[in-house]
Structure formats: C-alpha cells, structure tokens
Amino acid sequence: MDSTNFVFLFLAIGIVAFLYSSVGHAGASGYIAVMALWGLAPTTIRPTALVLNILVATIGSFQFWRAGHFHWKLFWPFALLSVPAAYLGGRLQLPAAILRIVIGIVLLFSAARLFFRRGDPPDLARPALPLAIGTGGAIGFLSGLTGTGGGIFLTPLMLFCHWARTKQASATSALFILVNSIAGLVGFVSAKQSVPSLAMVLAAAAIAGGAIGSYLGSRRFPVRTISILLATVLVIAGVKLIFTR
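This is a predicted model, so every value here is computed, not measured.

A. Spatial organisation of the overall build of the protein. Assigned secondary structure in the protein consists of 10 helices and zero strands. Element order for the protein, N to C, with α for helix and β for strand: α-α-α-α-α-α-α-α-α-α. Computed over the C-alpha atoms, the radius of gyration of the protein is 16 Å, within 12% of the 18 Å expected from 2.2 N^0.38 for a compact globule of 245 residues. When its C-alpha atoms are laid out on the principal axes, the protein stretches across 50 × 35 × 30 Å. The buried share of the protein, reckoned over its 245 residues, is 54%.

Written out as structure tokens, the structure reads:
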C-alpha cells in the first residue's frame, strides 16, 4: 500500500471510530468494510478489526460509565454466556454468506425503525434473567463468528424491547463489546492465527476517533441525535454484511 492510500485508510478508520463510539459501539463492522474496500486480505481484516474494537470499546466503556449511564445489573446477564460463546465463535472458520445476508437485512430493518424513533421509551421492562442470559449467549456467538463485538445486535434489541433507555443501552453495549472482542481475539489467536502489525499502526486513528466520539455521545449528544447516528451505523453494518464477501 502506498503512502496516499494509507493516509486515507488511517483517516477512514478514525471517522468510523468516531461515528460508532458516539453510540456506544466500537466500529468492527465499519473497520471491516473500510479495510475490505482498501483490498486488504481477510486474514488481516478480522484480527485488526478485533484489536481496534478492544481499544475503542475500552474508551467508550469508561466514558459512558463516567457519565453515569452504566448499570451493572443490566449488563451482567447479557455478558454471562456471551464471553465463552464469542470465544467459540472466534475459533470457528465457517462459510457465513447466508448468515451475513440474513443479519444484514435485520440490521437494515432495525435502522429503519430507529430513523422514525423520536426518543426513549416511556416505560421500561427489564428482561427475565433466562432470556437475557440466552440472548447474550446467542449474540456473543454471532459476534465471534462475524468478527464484531455484538453491539450492532444488542443495542437495537434492547431499545425495541424497551429493556433500556438509549444511553443505558449504549453504555451496556460498550462493555459488552469489550468483553466479547477480547474473547473473540483470544479464540482467534488460540486457533494459531496471528495479529498483523497493521493493527498497531491503525490504533492511533481508532483511539483518537473513539475518544472524541464516546465523549460527545455520553455527555453532549441528545437522544434523538444518538438514534440517528445509531441508525446510520446499522445501515453501514447491514450493507457491509450483505455485499462484502
């Protein structure tokens, strides 16, 4: 890759980190799409996306916790089975063309719903414990299999089911993404795969974008703005899953 292409890749990674972190996500699906557009090899894309995910999710978790939006009782049931499930998904190397199309369609439908959502639900109904644990396990497996942190699945689900308010869902997803990305990367490495040096180089862009985006999302952006940004993120992720091979 020549220097000009690398500079544009670096900037694109920073923009993706900013956009995703503002809604409590870490950007894996966006990183994957960007790196695919730049023609990087799949063996480079997946571990690089997970490394960047871990860095941005760490920043986002701290920012949303510091702003007072994180609630442990809401988080832990979803995380309980998600970590081992993400590890298992990270170890598997399956052809997932049909799975990607189905998930992509679901994300685009979720995005359409969010575009017309005006604010937080008036009433909340926390999920039953077995439902939250099972949901977390299923999302964790999908996150490890697809090389994402799972936030693109968890956040819209929590909002549609009235399990959390927008910023609570973002805060929960940020830490959920962090633990699942770590588990997915450990599973990837344990399958005797290596982490490319490019991940360390692109880390600076992801950290800068993630720091700014998560600060604005947790403290400055109103709920409606976050809903529009989340819908945009879901469109990017959905299109990427459907059309990227």
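B. Here's a closer look at the side chain of Ser173. Mapped onto the elements of the fold, Ser173 is located in helix α8 (residues 166–190). Residue contacts for Ser173: discarding those within four places in its chain leaves Gly24, His25, Gly151, Leu154 and Thr155.

C. The arrangement of the nonpolar core in detail. Grouped together as the largest cluster of nonpolar side chains are 57 residues, with contacts concentrated most on Ile13, Tyr31, Phe78 and Met158. Excluding its chain neighbours within four sequence positions, the residues that come into contact with Tyr31 are Ile13, Val16, Ala17, Ala26, Ala49, Leu52, Asn53, Val56 and Ala206.

D. Spotlight on the packing of aromatic side chains. One pass over the structure, following the stated rule, counts five aromatic pairs. With centroids separated by 6.0 Å and ring planes inclined at 40 degrees, the aromatic side chains of Phe62 and Trp65 adopt a geometry described as tilted. Note that Phe62 and Trp65 are positioned in helix α3 (residues 42–66) at a spacing of three residues, about one turn of the helix. Of the residues examined, Phe62 reaches a relative accessible area of 42% and is grouped as partly exposed.

E. Highlighting unusual backbone geometry. With a phi close to 60 degrees, His162 is a non-glycine residue in the positive phi region. Within the element layout of this structure, His162 appears in the loop between α7 (151–160) and α8. His162 gets classed as partly exposed once you look at its relative accessible area, which sits at 32%.

F. Seen up close, a nonpolar patch on the surface. Residues Trp72, Trp76, Leu80, Leu81 and Leu129 make up a contiguous nonpolar surface patch of about 510 Å² in total accessible area. For the nonpolar patch, the element with the highest residue contribution is helix α4 (residues 72–91), accounting for four residues. Relative to the assigned elements, Leu81 resides in helix α4.

G. Representation of α8 within the structure. Over its 25 residues, α8 runs 36 Å from end to end, which matches the ideal 36 Å to within 8%, given 1.5 Å per residue. With 19 of 25 residues buried, α8 lies mostly within the body of the structure.

H. Local environment of the environment of Ala205. Mapped onto the elements of the fold, Ala205 is located in helix α9 (residues 198–220). It is 18 Å that separates the C-alpha atoms of Ala205 and Ala174, two residues lying 31 residues apart in sequence. Those residues within four positions of Ala205 in sequence are excluded, and the remaining contacts are Phe10, Ile13 and Gly14.

I. Quick look at the side chain of His25. Tracing the sequence through the fold places His25 in the loop between α1 (3–21) and α2 (28–37). Apart from the residues within four sequence positions on either side, His25 is in contact with Tyr20, Val56, Gly151, Ile152, Thr155, Ser173, Ile177, Leu230 and Val233.

J. Summary view of the packing of α7 against helix α10 (residues 223–243). Orientation of α7 relative to α10, taken along the N-to-C sense of each, is 135 degrees, at an axis distance of 11 Å. Overall, the two elements α7 and α10 adopt an arrangement that is oblique. Every pair of crossing elements has a handedness; the one defined by α7 and α10 is left-handed. Of the residues in α10, those in contact with Ile152, Thr155, Pro156 and Leu159 of α7 are Leu230, Val233, Leu234 and Ala237. Residues that form the contact of α7 with α10 fall into these classes: seven nonpolar, one polar and no charged.

K. Spotlight on the environment of Leu52. When you line up the elements, Leu52 lands in helix α3. Among all residues touching Leu52, those that are not within four sequence positions of it are Ile13, Tyr31, Ala199, Leu202, Ala203 and Ala206.

L. How the structure looks around the environment of Gly137. Mapped onto the elements of the fold, Gly137 is located in helix α6 (residues 129–146). Overall, the relative accessible area of 12% leaves Gly137 in the buried class. In this structure, the C-alpha to C-alpha distance between Gly137 and Ala79, residues 58 residues apart in sequence, is 7.5 Å. If near-sequence neighbours (up to four positions away) are discounted, Gly137 is found in contact with Phe78, Leu81, Ser82 and Ala85.

So, how was this worked out
Residues numbered from 1 in each chain as written. Predicted model: local features only at pLDDT ≥ 70, side-chain atom pairs only at ≥ 80, totals over all residues. Heavy atoms only, no water. Helix = DSSP H or I, 4+ residues; strand = E, 2+ residues; numbered from the N terminus. Rg over C-alpha atoms; globule rule 2.2 N^0.38 Å. Buried < 20%, exposed > 50% of the residue type's maximum accessible area, 1.4 Å probe, protein only. Contact = heavy atoms within 4.5 Å. Core = buried A, V, L, I, M, F, W, Y, C linked by side-chain atoms within 4.5 Å. Phe/Tyr/Trp six-rings, centres within 6.5 Å; stacked < 30°, edge-to-face > 60°. Patch = residues over 30% accessible without salt bridge, like charges linked within 9 Å, V, L, I, M, F, W, Y side chains within 5 Å. Areas by Shrake-Rupley, 256 points an atom, 1.4 Å probe, with all protein chains shown as cover. Salt bridge = Lys/Arg side-chain N within 4 Å of Asp/Glu carboxyl O. Expected span 1.5 Å × (residues − 1). Axes fitted to C-alpha atoms, helices over the stretch in contact; angles between N-to-C directions. Parallel < 35°, antiparallel > 145°, perpendicular 65-115°, else oblique. Left-handed = near helix turned anticlockwise from the far one by under 90°. Nonpolar A, V, L, I, M, F, W, Y, C, P; charged D, E, K, R; others polar.

Geometric descriptors of this kind do not, in isolation, establish any biological role.
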